[in-house]
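Read off the chains here:
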Amino acid sequence: MSPADRSRGESRGAQHEAAPANAPQFLPWQLDTARAWLGQRDRFAHAWLVHGLAGIGKLDFAVAAAASLLCETPRDGLACGHCAACAWFASGNHPDLRRIRPEAVALEEGAAQAEAAEEAEPATAASKRAPSKEIRIDQIRALESWFNTATHRGGWRVALLYPAQALNVISANALLKVLEEPPPHTVFLLVADAPDRLLPTLVSRCRRLPLPAPDADTALRWLREQNVEPARDWLAAAGGAPLAALRMAQGGQAPCPPWLSQLLEPLAQGQAPDVGGMAESLEKAPPAEWIDALQRLFTDLMLAAAGQPPRYFPGLAGLTGKVGTRMNAARAAEAARWLTRQRALASHPLNGKLFAHAALQRVVLSCQA
Ligand SMILES: [Zn+2]
């Protein structure tokens, strides 16, 4: 390891010190993978499937990778942040980069970056209906004219497609046709949480690039750099995925929702909680949010029943310990399965308060001895 490598390794916790001003950065736990992978760019595959757990920064990796591939004077394989290509990338209009993502994702990223989605369909038509959550076939077809244009100074062309599970069967097949006869100088970066939810023939056309999840210390150091406190509670609440923890913290929730302790405190003393009052506060939140919290609570309760420390809500360890050891294991398992089924339906329109009431009642019944 050279002194330069060593100093970079040590500065991973404070990546901004060594970071060039104008290039997207790999996350600290991605640097080793990125260097090894970008080091083989002479014999680079034309399509990569970047996959790994949700919330570990796969898109950050793919964006930094795209910048590195497009950079004219990369340093150690990574984008320099100073050349013309890096400046274009930073301003969001590098001609050799395309982002292919659902309209809804583009809108979330901000109007400034939504131009790619609008190219495929004029804003007037798009504004008449809800933004699409799928990657549509016209977005894949729109790439054709781009493939026929020469790249800037003969460099790479990078198509960044995310999340790959947003491809529907038709657009996935269109992409498959493209990958069967790949255009020259073009690299596809597909980002996905779970490759097994993609069209197998599409996956077979891609080289896989599994991304690692960070260890707890690295994740905590990074979260503290992002001013997320208490970092340990947020990281636990997100199941160890630091980007998910950051999003939750920025979303203004508490790492451990207060209603969870309101639910557990009476149960720990063998009393019945005020389900009606809690249902009223839950009905205002998206069902997916509080069902997630209840599912995590059940994981912690079952761990407690097995004499294990909590995974998601360390702040509630005392309460989950008491409730977990006295609950009825069979009824708890049934309630957990019920929650999983409801989670799949959580985006459907339903009576929020009734639904919250029913869910809480089940949880309470399963937690009583
Ligand atoms: Zn550069």
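Above this text you will find the structure in question.
Trainee: Could you clarify how one ought to interpret the packing of helix H16 (residues 258-268) against helix H18 (residues 287-305) in this entry?
Mentor: Relative placement of two packed helices is described by the angle separating their axes and the distance separating the axes. Running from N to C, H16 and H18 point in directions that differ by 45°, and their axes come no closer than 11 Å. Taken together, the axes of H16 and H18 are oblique relative to one another. Considering how the two elements wind past one another, H16 and H18 form a crossing that is right-handed. Between H16 and H18, the contacting residues are Trp259, Leu260, Leu263 and Leu264 on the first element and Trp290, Ala293, Leu294, Leu297 and Leu301 on the second. For the contact of H16 with H18, the per-class residue count stands at nine nonpolar, no polar and no charged.

Trainee: Just checking my understanding: could you explain the coordination of the zinc ion for this structure?
Mentor: A metal bound by six donors in octahedral fashion has ideal angles of 90 or 180 degrees, whereas one bound by four tetrahedral donors has an ideal angle of 109.5 degrees. Coordination of the zinc ion by the protein comes from Cys71 (SG), Cys80 (SG), Cys83 (SG) and Cys86 (SG), over a distance range of 2.3 to 2.4 Å. Around the zinc ion, the four donor atoms are arranged such that angles at the metal cover 103 to 117°; this shape is classified as tetrahedral. Ordering the donors of the zinc ion by residue number gives the pattern C-x8-C-x2-C-x2-C. This pair shows no difference in class: Cys71 is buried, exactly as Cys80 is.

Trainee: What is the right way to read the packing of aromatic side chains from this model?
Mentor: Two measures describe an aromatic ring pair: the distance that separates the ring centres and the angle between the ring planes. Taken as a whole and judged by the stated rule, the model has eleven aromatic pairs. Here Trp146 and Phe147 contribute two aromatic rings whose centre-to-centre distance is 5.7 Å and whose plane-to-plane angle is 35°, an arrangement assigned as tilted. We note that Trp146, like Phe147, is buried. Feature note: the residues Phe26, Trp37, Phe44, Trp48, Phe61 and Trp156 constitute an aromatic cluster, connected by ring pairs. Between the NZ or CZ atom of Arg157 and the centre of the ring of Trp146, over which it lies, the distance is 5.7 Å.

Trainee: So what exactly am I meant to see when it comes to helix H15 (residues 242-250) here?
Mentor: Helical periodicity: at 3.6 residues per turn, an α-helix aligns residues three or four positions apart in one direction. Considered for burial, the residues of H15 that qualify are Pro242, Leu243, Ala244, Ala245, Leu246 and Met248. For H15, the secondary structure elements touched by its buried residues are helix H4 (58-70), helix H13 (216-225), helix H14 (231-237) and H18. Two residues or fewer after H15 comes Gly252, characterised by a positive phi angle close to 80°.

Trainee: Explain the sheet that holds strand E1 (residues 47-51) here, please?
Mentor: Strand pairing in a sheet relies on backbone hydrogen bonds, with the paired strands running either antiparallel or parallel. Pairing in this open sheet of five strands is parallel, and the strands run E2-E3-E4-E1-E5 from one edge to the other. Looking along the sheet, the strands with just one partner apiece sit at the ends: strand E2 (97-100) and strand E5 (207-210). This sheet shows a mean twist of 20° between the axes of neighbouring strands, independent of strand direction. Relative to strand E4 (residues 186-192), E1 runs parallel, the two being bridged by five bridges. The residue bridging His51 from the neighbouring strand is Ala192, located in E4.

Trainee: Could you clarify how one ought to interpret the pattern of salt bridges in this entry?
Mentor: Two side chains carrying opposite charge are able to pair once their charged atoms lie near each other. Enumeration according to the criterion identifies ten salt bridges in this entry. Through salt bridges that share partners, Glu103, Arg136 and Asp138 make up one connected network.

Trainee: Would you take a moment to explain unusual backbone geometry for this structure?
Mentor: The general pattern is negative phi for most residues beyond glycine and trans for most peptide bonds. Here the bond from Tyr162 into Pro163 is cis, since omega is -20°, no more than 30 degrees from zero. Across the junction of Glu229 and Pro230, the peptide omega takes the value -10°, indicating a cis bond. In this structure, Pro230 sits in the loop between H13 and H14. Despite not being glycine, Asp76 has its phi angle at roughly 60°, a positive value. Mapping Asp76 onto the fold places it in the loop between H4 and helix H5 (84-91). Residue classification places Asp76 among the partly exposed positions, given a relative accessible area of 42%.

Trainee: Quick question: what am I supposed to make of the pairing of E4 here?
Mentor: Successive side chains on a regular strand alternate, one facing one side of the sheet and the next facing the other. By the criterion of burial, E4 is predominantly enclosed, with seven of the seven residues buried. Burial along E4 is two-sided: the face carrying Thr186, Phe188, Leu190 and Ala192 and the face carrying Val187, Leu189 and Val191 are both buried. Across five bridges, the pairing between strand E3 (residues 157-161) and E4 is parallel. Bridge assignment links Val158 to a residue of E4, and that residue is Val187.

Trainee: Any chance you could explain the side chain of Thr320 here in plain terms?
Mentor: Within the secondary structure, Thr320 sits in helix H19 (residues 317-326). On the accessibility criterion, Thr320 (2% relative accessible area) is buried. A polar side-chain atom of Thr320 sits 3.3 Å from the main-chain carbonyl oxygen of Ala317. With sequence-adjacent residues up to four places away left out, Thr320 is seen in contact with Leu264, Leu297, Asp300, Leu301, Ala304 and Thr325.

Here is what the cut-offs are and how they apply
- Residues numbered from 1 in each chain as written.
- Predicted model: local features only at pLDDT ≥ 70, side-chain atom pairs only at ≥ 80, totals over all residues.
- Heavy atoms only, no water.
- Axes fitted to C-alpha atoms, helices over the stretch in contact; angles between N-to-C directions.
- Helix = DSSP H or I, 4+ residues; strand = E, 2+ residues; numbered from the N terminus.
- Parallel < 35°, antiparallel > 145°, perpendicular 65-115°, else oblique.
- Left-handed = near helix turned anticlockwise from the far one by under 90°.
- Contact = heavy atoms within 4.5 Å.
- Nonpolar A, V, L, I, M, F, W, Y, C, P; charged D, E, K, R; others polar.
- Donors = N, O, S within 2.8 Å, 3.2 Å for Na, K, Ca; no water.
- Tetrahedral: all angles 85-135°; square planar, octahedral: opposite > 155°, others 65-115°.
- Buried < 20%, exposed > 50% of the residue type's maximum accessible area, 1.4 Å probe, protein only.
- Phe/Tyr/Trp six-rings, centres within 6.5 Å; stacked < 30°, edge-to-face > 60°.
- Lys NZ or Arg CZ within 6 Å of the ring centre and 35° of its normal.
- Pairing = 2+ DSSP bridges.
- Salt bridge = Lys/Arg side-chain N within 4 Å of Asp/Glu carboxyl O.
- Polar contact = N/O pair within 3.5 Å; in protein donor to acceptor, adjacent residues only side chain to side chain.

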